[in-house]
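# Structural characterization, general
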Amino acid sequence: MTIVLKANHRAGRTEAALSSCRCSRKQKQLLLRYLKKCHLDQSVIERMAQERFGKALQTLNRSEARKFILWLHE
């Protein structure tokens, strides 16, 4: 499966969406850092979370968020 990466033009929306995420504060910071470093839009990781776990990024628990972050860094 191929995921097209898009430049991040809505960083504020990404931070707002992650603020409601059930993952830990540190996990939110890691996700934001990854998005900024790779210049990705929130829709990209939303789609990746949906494909990987079958649910939205905001609904990932800490364990799932940890797996997702590790998967992103591979």
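That block above? That's the structure.
All of these numbers come straight from a predicted model, not from anything done at the bench.

## Some thoughts on the overall build of the protein
- In terms of helices and strands, the protein carries four helices and zero strands.
- Mapped from its N terminus to its C terminus, the protein presents α and β elements in the order α-α-α-α.
- For the protein, the proportion of its 74 residues judged to be buried stands at 36%.
- For the protein, the accessible area works out to roughly 4,800 Å², and carbon and sulfur atoms hold 52% of it.

## Digging into the packing of aromatic side chains
- In total, this model carries two aromatic pairs according to the counting rule given.
- Consider the rings of F53 and F68, whose centres lie 6.2 Å apart with planes at 65 degrees: the pair is edge-to-face. Of this pair, F53 sits in helix α3 (residues 42-53) while F68 sits in helix α4 (residues 62-72); the two residues are 15 residues apart in sequence, bridging distant segments of the chain.
- Under the relative-accessibility criterion, F53 is labelled partly exposed at 24%.

## A short note on the nonpolar core
- Ranked by size, the top nonpolar core spans 18 residues in total, and within it L18, L31, I45, M48, L57, F68 and L72 carry the most contacts.
- Elements that contribute at least two residues to this core include exactly α2 (25-38), α3 and α4.
- Every residue in contact with L18, bar those within four places of it in the chain, is listed here: K28, L31, L32, L35 and L57.

Reading guide: rules and limits
- Residues numbered from 1 in each chain as written.
- Predicted model: local features only at pLDDT ≥ 70, side-chain atom pairs only at ≥ 80, totals over all residues.
- Heavy atoms only, no water.
- Helix = DSSP H or I, 4+ residues; strand = E, 2+ residues; numbered from the N terminus.
- Buried < 20%, exposed > 50% of the residue type's maximum accessible area, 1.4 Å probe, protein only.
- Areas by Shrake-Rupley, 256 points an atom, 1.4 Å probe, with all protein chains shown as cover.
- Phe/Tyr/Trp six-rings, centres within 6.5 Å; stacked < 30°, edge-to-face > 60°.
- Core = buried A, V, L, I, M, F, W, Y, C linked by side-chain atoms within 4.5 Å.
- Contact = heavy atoms within 4.5 Å.

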